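Residues per chain are reported as follows:
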Amino acid sequence: MSHSLAARYRTAFVTGASTGLGLAFAEMLLAEGVEVWGTTRDPKRLPARARFHAVALELGDGAAAEEIFLEAEHAAGSFDLVVNNAGFGAFGAFAHTEFAVWEEQLRVMLVNTARLSHAALRGMLARNRGALVNVSSIAGEFAMPYQAIYNTTKAGLSALNESLMYEVKGTGVIVIDLRPGDYRTDFEGSVRYPAQTGAPAATASRMARARAVFEGMMRSGPAPAHAAATLRRALQRGRSGTVRTGRFFQAVLAPFLARFGPLKLKRTIQEKYFGL
Ligand SMILES: NC(=O)c1ccc[n+]([C@@H]2O[C@H](COP(=O)([O-])OP(=O)(O)OC[C@H]3O[C@@H](n4cnc5c(N)ncnc54)[C@H](OP(=O)(O)O)[C@@H]3O)[C@@H](O)[C@H]2O)c1
């Protein structure tokens, strides 16, 4: 029998709730009766709703983001659920892109996401209850060409999640490593394509082929509500774990085959797929 999530999670904090997966997660939680604090860099992007609190948060500044999180936690009393979802893509050749681009992505999606996880877990462990969900990606296990640091942040975040699962065991707190495949969100529109300096023509044409495949994958993905339904089921199970979601091929078949095949085969298939 499925109970409403509000029976277990009274309050939730969701980063990047203005659009895409974060918006779908917030809407699913509101529909379940959960009171939601949702973040965006621009609160005008969030419509006024009952039981929804818009929070202005820029993840580029870790100290400020932590302070804003703690203020929201104070206002809520406590958070039973924290979903670290905010993130963005950056597409470019690693060596031909200014390192500042990669550094910002590491800061937002790995360092400061870990910092909010740290702040969230302190409260949850003090209360011996709560769920931390960090939105990683299938890209952490199947690296996408020309998104080196995106893949790195997601692999790192999944490693953090897995490490934390050991630490919270037996405490009443759970950690969910959510790994979506491609979804049809604003992500495609918000991916940055930084200037490429000194890239040879051959690199430019390889990048163009990989970019066309990547954009096609994003456009043909399921709608974000599908990922929200997966998250809802995972929260209802109430157990720590890795949860993949998306098309059958990305979420089930590819990870299953990769587990038993050699890594070289996985890379060869990826190279062919992305036209490299
Ligand atoms: N879409 C996919 O296919 C897919 C697949 C696997 C994993 N994911 C992951 O899922 C998460 C959500 O992606 P999405 O597809 O829903 O993307 P999206 O539609 O572009 O939404 C991204 C959200 O992150 C917020 N954000 C971006 N940069 C931020 C920053 N510096 N500080 C604070 N907030 C920031 C945005 O808030 P603003 O309102 O401030 O712009 C927005 O709400 C990301 O972590 C992404 O890596 C997505």
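Look up a bit, the structure's there.
Since this is a predicted model, take the numbers as computed values, not measurements. Starting from 1, residues in each chain are numbered consecutively following that chain's sequence as written. For this predicted model, a pLDDT threshold of at least 70 governs which residues receive local features, and a threshold of 80 or more governs which side-chain atom pairs are given and counted, while totals over whole chains, interfaces and linings are taken from all residues. The basis for every side-chain value is the complete set of non-hydrogen atoms in the structure, without hydrogens or water.

1. Section: the packing of aromatic side chains
- Stacked, edge-to-face and tilted are the three classes for Phe, Tyr and Trp ring pairs, Trp counted by its six-membered ring, which pair at centre distances within 6.5 Å; planes under 30 degrees apart are stacked, over 60 edge-to-face, the rest tilted. The full count for this structure, using the stated rule, is 10 aromatic pairs.
- Plain terms: the ring middles of Phe91 and Tyr146 are 6.0 Å apart, the flat faces sit at 45° to each other, and that makes the pair tilted. Here Tyr146 lies in the loop between strand E5 (130-135) and helix H4 (148-168) and Phe91 lies in the loop between strand E4 (81-84) and helix H3 (99-127), a separation of 55 residues in the sequence.
- Residue classification places Phe91 among the buried residues on the basis of a relative accessible area of 3%.
- Seen from their ring centres, Tyr273 and Phe274 are 5.4 Å apart, and the 85° between their planes marks the pair as edge-to-face.
- By way of ring pairs, the aromatic residues Phe13, Trp37, Phe69 and Phe79 are connected into one cluster.
- The ring of Phe88 carries Arg192 above its face, with NZ or CZ at 3.8 Å from the centroid. Only DSSP runs of H or I covering at least 4 residues are called helices, and only runs of E covering at least 2 are called strands; the numbering of each starts at the N terminus. Each residue is placed in one exposure class: buried if its accessible area under a 1.4 Å probe, protein chains only, is under 20% of its type's maximum, exposed if it is over 50%, and partly exposed if it falls in between. Remark: a charge is flagged as sitting over a ring if the NZ atom of Lys or the CZ atom of Arg is within 6 Å of the ring centre and within 35 degrees of the ring normal.

2. Digging into empty space enclosed by the protein
- Grid points spaced at 1 Å and placed over the protein atoms alone form the basis of the search, with a cavity being a set where a 1.4 Å probe fits but cannot get out and a pocket an open set showing protein on both sides within 12 Å along at least five of seven lines. Lining residues have an atom within 4 Å of a point. Grid points are joined across faces, edges and corners, and a volume is the space filled by probe spheres set on the points. Per the stated rule, a full pass over the model turns up 1 cavity of 30 Å³ or more.
- Approximately 40 Å³ is the volume found for the largest cavity.
- Taken together, Ala17, Leu23, Ala26, Leu30, Leu46, Pro47, Arg49 and Phe52 form the lining of the largest cavity.

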